[in-house]
Amino acid sequence: MYRIGNGYDIHKLTTGRDLIIGGIKITHEKGLLGHSDADVLIHAIIDSLLGALALSDIGTLFPDIDPKYKDADSTILLDKVYKLIKSKGYSIVNIDSNIIAQQPKMMPYIPKMKEVLCKILEVNNDQLSIKAKTKEKMDAVGQEMAIEATASALLKKTN
Ligand SMILES: [Zn+2]
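Residues numbered from 1 in each chain as written. Predicted model: local features only at pLDDT ≥ 70, side-chain atom pairs only at ≥ 80, totals over all residues.

(A) Here's a closer look at the packing of helix H1 (residues 40-52) against helix H3 (residues 74-87). Running from amino to carboxyl end, H1 crosses H3 at an angle of 10 degrees, the nearest separation of the two axes being 10 Å. Comparing their axes, H3 and H1 come out roughly parallel. Both H1 and H3 take part in a crossing whose hand is left-handed. Between H1 and H3, the contacting residues are Ile42, His43, Ile45, Ile46, Leu49 and Leu50 on the first element and Ser74, Thr75, Leu77, Leu78, Val81, Tyr82 and Ile85 on the second. (Axes fitted to C-alpha atoms, helices over the stretch in contact; angles between N-to-C directions. Helix = DSSP H or I, 4+ residues; strand = E, 2+ residues; numbered from the N terminus. Parallel < 35°, antiparallel > 145°, perpendicular 65-115°, else oblique. Left-handed = near helix turned anticlockwise from the far one by under 90°. Contact = placed C-beta atoms within 7 Å.)

This is how it looks when you write it as structure tokens:
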């Protein structure tokens, strides 16, 4: 039995915050605003995993009104969600994702992001794809006001 899920997220760029994407800190003059660490890529991946098993979404599991999740490390949330997926008897076939940002360039950071996320998700390098795009200077993302991410996940029932 295979199940597919997709996830989407967007966070506003603001001064005075660290930019954390894919579990790593990226050097930039602005960071993403959010109740947690606002890791837009991890949030999209979490929603793709939850969506595949129709388990609702990140906002329902980790409410942004809950003080417990204030500045929460999203790698810990991802770990919790992966354990939930495993407890339902599923494993990850592959994940494909996009980070959509005008600035900074994501490409140099992607190998490290993959290293961090593959370890949490117990997948090999070739089961996790992270791609980077710009918005050609159009809309809020293109105007460097926000960063978006999308993800698709394919899960397989293993036990
Ligand atoms: Zn988010």
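Back to the text.
(B) Spotlight on unusual backbone geometry. Residue proline 104 is reached from glutamine 103 by a cis peptide bond, and omega for that bond is -15 degrees. Within the secondary structure, proline 104 is located in the loop between strand S5 (90-100) and helix H4 (110-121). Phi at serine 56 is positive, roughly 70 degrees, even though this residue is not glycine. Mapped onto the secondary structure, serine 56 falls in the loop between H1 and helix H2 (58-61). Given 11 C-beta atoms within a 10 Å radius, serine 56 is considered exposed. For aspartate 139, which is not glycine, the phi torsion reads 55 degrees and is therefore positive. As for its position among the elements, aspartate 139 is in helix H5 (residues 139-142). (Buried ≥ 20, exposed ≤ 12 C-beta atoms within 10 Å, placed from the backbone.)

Take it as geometry only, folks, not as evidence of what the structure does.
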